[in-house]
Amino acid sequence: MRKISAFISESAAGQALLATLMFCFIFVVLFAGLYKAGLSYIQKEKALRGTDMTALSVGAVYANGLQLVRYSNVALMASLIADVVTYVGTEGRVDLNLRGKIQNIQKKIFGIGQSGDEPSLISYPLLFWLEGLQMAKNNQLMCNWPGFSNGFNLPLLPLPMFLFNPETSDLQRSLIPNMALKFRSAADFMPEFPSDKVFYFHADPNGSGRIIYHPLEEVEPATDSEHRGQMWVKPGLPYQYTYCKMKPVVTPGVDPKFKNSFLGKSLDATRELLKNIQFDVTHADDPHNHTVVVCDQLPSSISKNSGKDTLNFHSLSEIKLVGGGLAAWDIAQPKFKVRLIPFEPQKLPVLRDWFVSIPGLPSAPAIPRIGDILQQGLPRGPSAANPEDIGKMFGIDIPSIPSIPGGF
Amino acid sequence: MGLLKPLRNSKGQALNEMLIVIPLLLILAASLSQLAILIREKVQFEHACGLAVRQYALGQFPKEEIANALWNNLGAEQKYFDKGSVNISAQDTKTLLGRDFRGQFVFLRTVMKEGLFNYGGGDWTITIRYRSFPLLGVLLPNGILFQTRLSVLRHPA
């Protein structure tokens, strides 16, 4: 050892050898780091692509379902004609009520309830959920829903997770497969009372002291604020991106005296009565909104935490269906098309608002930032992202775990 | 004794060391950059495949045109790949219903042809050869084979 030490410290050749070994070590570390980083980039790209493919596939089956709705409405129209012809032909003695039977079939198959869209697990929406699971597997994404491979055990966070039409329904309903459909009723042909107007206001940025008012249509949730519910003026309008507050007093759309009068109450009662007269199936929202969000992760063999765990890559994708109406006379219209929507991280505050709107959940922490997306796992604490909180949402008692690996 | 005399003279030793070390350092640095380029091209390949299949899912062209779409999507990175080596092996994608179902129940084929379950797609395994140069081209004259697998459905089939 003394000879070696003397050789290295005193001899020029030994010092050169030591320097060479150090350089080699540095380059080996650089190679290893570059290789691991490169693999991570490749896996991240695969994860993004996998969720995009899964979302597009779910959208294709969903679009096929909307085409089936058109066909069923044609059948409903034909049955109505048959009922009318039979009724008239038998001078009112026979009512086949084929239209009622067709409507019942539509209700069962497309999961449509009396009061609008009621998600159903024994219906066509279940098909595009199952096809989505299959396509996630085909694209090497994680699929840990109960099955033969995992002994029918429900994991804490089953993946892939789908949100169906989340923009126009609450979080609980959007977790269950649905097609955002309803029966058109006679009440839809009655004009609605003008809705109450909410106004937002802010001071004139030019310092004139004037107060500027904006209706609800001109404002949107601010994407760069840490305060939940902060609104700003929409881009493209005068005073764009200016923060504004809600006017405490709501401007009524209809004179309250008229609304509470005999005529106003009669109109409301008539509308409620006409809702029971149902026609064909149509979109639940106007303008129609059919979207699906897919959340999944791509497992990888890249190790982290000194080999104790593996790196998994989460990804989110969203698709939207565009097309025309669903009535029988729309049968000649082009089929519904699937469009991939770029996922915007700024939407995360909106998603968090959905979580905190669920009654019984503890208040959420600060709005997650872009940096949180890149971290592997969110900080633990009272949060709507905790599995036990998600379990409370469904009335299931889920024991707590130390952390959610690979969180997003 | 005459042979040992030059060894005791250390004049010019640093220059000699540099003459040996600098080329080694340059080779190592070049290898790092080659690895980085290789990884970048792999990511570009994965992205181009995804883009081509996404275009197919949106109905822009039939299945047979995916190879051309992949090559077009590579764009400026085409110089790193061999167009003749693009190989796409396709099989009918596994679905619960759709094309597989229509194929299995022959008597329902006519009814289902237009529309009860009018969605289908493919399950593709895409390979392409990466032409590495200049350093790796010496070590790997046949290049490196990139492979990926992806699957999608579209409507109408």
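For the structure itself, consult the block above.
Just so we're clear, the structure is a prediction, and the values are computed from it rather than from any experiment.

### Notes on the overall build of chain A
Then comes step 1: Each helix and strand in chain A was counted, giving 10 helices and 13 strands.
Then comes step 2: Here chain A, with 408 residues, has 38% of them falling under the buried criterion.
Then comes step 3: If you take every contact in chain A between residues at least 6 apart in sequence, the share linking residues at least 24 apart comes to 62%.
Then comes step 4: Roughly 22500 Å² of accessible area belongs to chain A as shown, and the carbon and sulfur atoms make up 64% of that amount.

### Regarding a nonpolar patch on the surface
Residues and elements named next belong to chain A.
Then comes step 1: Taken together, M77, L80, I81, V84, V85, Y87, V88 and W329 make up a surface patch of nonpolar side chains, about 800 Å² in accessible area.
Then comes step 2: Mapped onto the elements of the fold, Y87 is located in helix α2 (residues 12–89).
Then comes step 3: The partly exposed category is assigned to Y87, whose relative accessible area is 42%.

### Some words on the sheet that holds strand β1 (residues 81–91) of chain B
Residue and element names in this part refer to chain B.
Then comes step 1: On the basis of which strands lie adjacent, the open sheet formed by 3 strands has the order β1-β2-β3 and antiparallel pairing. This sheet does not close on itself; its edge strands, each paired only once, are β1 and β3 (144–154). The average angle at which neighbouring strand axes cross in this sheet is 20°, direction not considered.
Then comes step 2: Here strand β2 (residues 120–130) runs beside β3; their pairing, made up of 11 bridges, is antiparallel. Within β3, the position partnered with R129 by the bridge is L145.

### Considerations on the interface of chain B and chain A
Size of an interface: often given as the accessible area lost when the parts come together.
Then comes step 1: Across the contact, 42 residues belong to chain B and 41 residues belong to chain A.
Then comes step 2: Overall, the association of chain B and chain A removes approximately 3500 Å² of surface from exposure, summing both partners, and the carbon and sulfur fraction of that is 69%.
Then comes step 3: Inspection of the chain B/chain A interface yields 3 salt bridges.
Then comes step 4: A salt bridge links R54 of chain B to D52 of chain A, with the shortest nitrogen-to-oxygen separation between them at 3.7 Å.
Then comes step 5: At the boundary of chain B with chain A, the tally comes to 8 residue pairs in polar contact (both at pLDDT 80 or more).
Then comes step 6: The set of elements that each furnish at least two residues to the side of chain B that touches chain A consists of α2 (13–57) and β3 of chain B.
Then comes step 7: Per element, the largest residue contribution to the side of chain B that touches chain A is 20 residues, and it comes from α2 of chain B.
Then comes step 8: Looking at side-chain class alone, the side of chain B that touches chain A contains 22 nonpolar, 11 polar and 9 charged residues.

### Quick notes on the side chain of N144 of chain A
Residues and elements named next belong to chain A.
Then comes step 1: Mapped onto the elements of the fold, N144 is located in the loop between α4 (124–138) and β3 (161–164).
Then comes step 2: Assessed through its relative accessible area of 18%, N144 is described here as buried.
Then comes step 3: A polar contact is formed between the side chain of N144 and the backbone nitrogen of L159, at a distance of 2.6 Å.

### Considering helix α3 (residues 66–74) of chain B
Then comes step 1: Those residues of α3 of chain B lying buried are I66, A69, L70, W71 and L74 of chain B.
Then comes step 2: In the stretch just after α3 of chain B, G75 of chain B is the one whose phi turns positive, near 60°.

### Section: the environment of H202 of chain A
Residues and elements named next belong to chain A.
Then comes step 1: Positionally, H202 belongs in strand β5 (residues 199–203).
Then comes step 2: For H202, a relative accessible area of 4% corresponds to the buried category.
Then comes step 3: For the pair H202 and T242, spaced 40 residues apart in sequence, the C-alpha separation works out to 7.7 Å.
Then comes step 4: With residues near it in sequence (within four places) discarded, H202 still touches R210, I211, I212, H214, V233, Y239, T242, Y243 and C244.
Then comes step 5: Engagement of the side chain of H202 in a polar contact is seen with the side chain of H214, the distance being 2.9 Å.

### Topic: the environment of Q34 of chain B
Then comes step 1: With respect to the helices and strands, Q34 of chain B occurs in helix α2.
Then comes step 2: Separated by 26 residues in the primary sequence, Q34 of chain B and Q60 of chain B have C-alpha atoms spaced 36 Å apart.

### Remarks on the environment of G229 of chain A
Then comes step 1: Positionally, G229 of chain A belongs in the loop between β7 (219–221) and β8 (231–233).
Then comes step 2: In the structure, G229 of chain A is positioned 93 residues away from A136 of chain A in sequence and 35 Å away in space, judged by C-alpha atoms.

### Remarks on the pattern of salt bridges
Then comes step 1: This structure, assessed with the given rule, holds 15 salt bridges over all chains.
Then comes step 2: A salt bridge links E91 of chain A to R93 of chain A; its shortest N-O distance comes to 3.8 Å.
Then comes step 3: For R93 of chain A, a relative accessible area of 65% gives the class exposed.
Then comes step 4: Among the charged side chains, a network of salt bridges with common partners joins K46 and R49 of chain A together with K42 and E46 of chain B.

The rules behind each value
Residues numbered from 1 in each chain as written. Chains lettered and ligands numbered in written order. Predicted model: local features only at pLDDT ≥ 70, side-chain atom pairs only at ≥ 80, totals over all residues. Heavy atoms only, no water. Helix = DSSP H or I, 4+ residues; strand = E, 2+ residues; numbered from the N terminus. Buried < 20%, exposed > 50% of the residue type's maximum accessible area, 1.4 Å probe, protein only. Contact = heavy atoms within 4.5 Å. Areas by Shrake-Rupley, 256 points an atom, 1.4 Å probe, with all protein chains shown as cover. Patch = residues over 30% accessible without salt bridge, like charges linked within 9 Å, V, L, I, M, F, W, Y side chains within 5 Å. Salt bridge = Lys/Arg side-chain N within 4 Å of Asp/Glu carboxyl O. Pairing = 2+ DSSP bridges. Axes fitted to C-alpha atoms, helices over the stretch in contact; angles between N-to-C directions. Buried area = accessible area lost by both parts, 1.4 Å probe. Polar contact = N/O pair within 3.5 Å; in protein donor to acceptor, adjacent residues only side chain to side chain. Nonpolar A, V, L, I, M, F, W, Y, C, P; charged D, E, K, R; others polar.

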